[in-house]
Amino acid sequence: MLTVFGWTPDVLDEWFAEVRPLLGTDGNPAAWPSERGLRIGCQRINSRFITYRKALGLDDGLDYHSFRRSYVTHLIEDGWDPRFVQEQVGHEHASTTSIYTCVSSDFRTRTLRRHLDATVAAALQAQNGKQA
């Protein structure tokens, strides 16, 4: 994943400089090492996430894969090109990426407002051009 958010490099710097060395996995080239293998598997990450989710009283529908959907949504809401987002998450079809996109009502309202304003402005400009 591309580190497109401004805070991402700082978080990764902290992980690699301060946290990862504490794991004692010096010979392990994985960014997210496991004590038993090269890297932590998705099933283990999800099971640990579920433990935290339950402890925090979060909704049962929230799973580790929700972060992937969140990443897609944040990229779209931040104005990244949908084709770029599709490539980022490795989807062959844009329709798959659209399933992952759960934009907020504020984003929908701003998008609709922007397009309506542009349409009205173009209509007024065309009308003013005819009157001149």
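Cut-offs and rules
Residues numbered from 1 in each chain as written. Predicted model: local features only at pLDDT ≥ 70, side-chain atom pairs only at ≥ 80, totals over all residues. Heavy atoms only, no water. Helix = DSSP H or I, 4+ residues; strand = E, 2+ residues; numbered from the N terminus. Buried < 20%, exposed > 50% of the residue type's maximum accessible area, 1.4 Å probe, protein only. Contact = heavy atoms within 4.5 Å. Areas by Shrake-Rupley, 256 points an atom, 1.4 Å probe, with all protein chains shown as cover. Lys, Arg positive; Asp, Glu negative; His and termini not counted. Charge placed at Lys NZ, Arg CZ, Asp CG, Glu CD. Salt bridge = Lys/Arg side-chain N within 4 Å of Asp/Glu carboxyl O. Axes fitted to C-alpha atoms, helices over the stretch in contact; angles between N-to-C directions. Parallel < 35°, antiparallel > 145°, perpendicular 65-115°, else oblique. Left-handed = near helix turned anticlockwise from the far one by under 90°. Core = buried A, V, L, I, M, F, W, Y, C linked by side-chain atoms within 4.5 Å. Patch = residues over 30% accessible without salt bridge, like charges linked within 9 Å, V, L, I, M, F, W, Y side chains within 5 Å. Expected span 1.5 Å × (residues − 1). pLDDT = per-residue confidence, 0-100.

Q: I'd like a rundown of the overall build of the protein, residues and numbers included.
A: The secondary structure content of the protein amounts to six helices and zero strands. Each helix and strand of the protein, placed in order from N terminus to C terminus, yields the pattern α-α-α-α-α-α. Taken along the three principal axes of its C-alpha coordinates, the protein extends 75 × 30 × 30 Å. Per-residue burial for the protein yields a buried fraction of 20% across its 132 residues. If you take every contact in the protein between residues at least 6 apart in sequence, the share linking residues at least 24 apart comes to 35%. For the protein, the exposed surface amounts to about 10100 Å²; the carbon and sulfur share of it is 57%. Of the charged side chains in the protein, 15 are positive and 16 negative; the average position of the first set lies 6 Å away from that of the second.

Q: Break down the pattern of salt bridges for me, citing the residues and quoting the values.
A: In this structure the tally under the stated criterion is four salt bridges. With a shortest N-O distance of 3.1 Å, Arg113 and Asp117 are connected by a salt bridge. Of this pair, Arg113 and Asp117 both sit in helix H6 (residues 105-131), four residues apart, which is roughly one turn of that helix.

Q: Hey, could you go over the packing of helix H3 (residues 66-77) against helix H4 (residues 82-89) for me, with residue numbers and the actual values?
A: Contact geometry for H3 and H4: axes closest at 10 Å, N-to-C directions at 160°. Between H3 and H4, the crossing angle belongs to the class labelled roughly antiparallel. Like other packed secondary-structure pairs, H3 and H4 cross with a definite hand, here right-handed. Across the interface between the two elements, Arg68, Tyr71, Val72, Leu75 and Ile76 from H3 touch Pro82, Val85, Gln88 and Val89 from H4.

Q: Please set out the nonpolar core residue by residue, giving values where relevant.
A: Ranked by size, the top nonpolar core spans eleven residues in total: Val4, Phe5, Tyr71, Val72, Leu75, Ile76, Val85, Val89, Tyr100, Val103 and Phe107. No other element matches H3, which puts four residues into this core. Ignoring any residue separated from it by four or fewer positions in sequence, one finds Val85 in contact with Val72, Leu75, Ile76, Trp80 and Thr97.

Q: Tell me what's going on with a nonpolar patch on the surface, and back it up with residues and numbers.
A: Residues Phe16, Trp32 and Ile40 make up a contiguous nonpolar surface patch of roughly 290 Å² in combined accessible area. Structurally, the position occupied by Phe16 is in helix H1 (residues 8-19). Here Phe16 falls in the partly exposed class, since its relative accessible area comes to 40%.

Q: Give a detailed account of helix H2 (residues 42-56), specifying residues and quantitative values.
A: Along its 15 residues, H2 runs 21 Å from first to last C-alpha, staying within 8% of the 21 Å computed at 1.5 Å per residue. Just past H2, the residue Gly57 takes up positive phi, approximately 70°.

Q: Give a description of the environment of Arg48 that names residues and reports values.
A: Note that Arg48 resides in helix H2. Residue Arg48 is classed as partly exposed on the basis of its relative accessible area, which comes to 36%. Each C-alpha atom of the pair Arg48 and Tyr64 lies 9.1 Å from the other, and the pair is 16 residues apart in sequence.

Q: Kindly report on the confidence of the model for the protein, identifying the contributing residues and their values.
A: When pLDDT is averaged along the protein, the result is 84, and 95% of the positions lie at 70 or above. Within the protein, H4 carries the highest mean pLDDT (90), whereas H6 carries the lowest (84).

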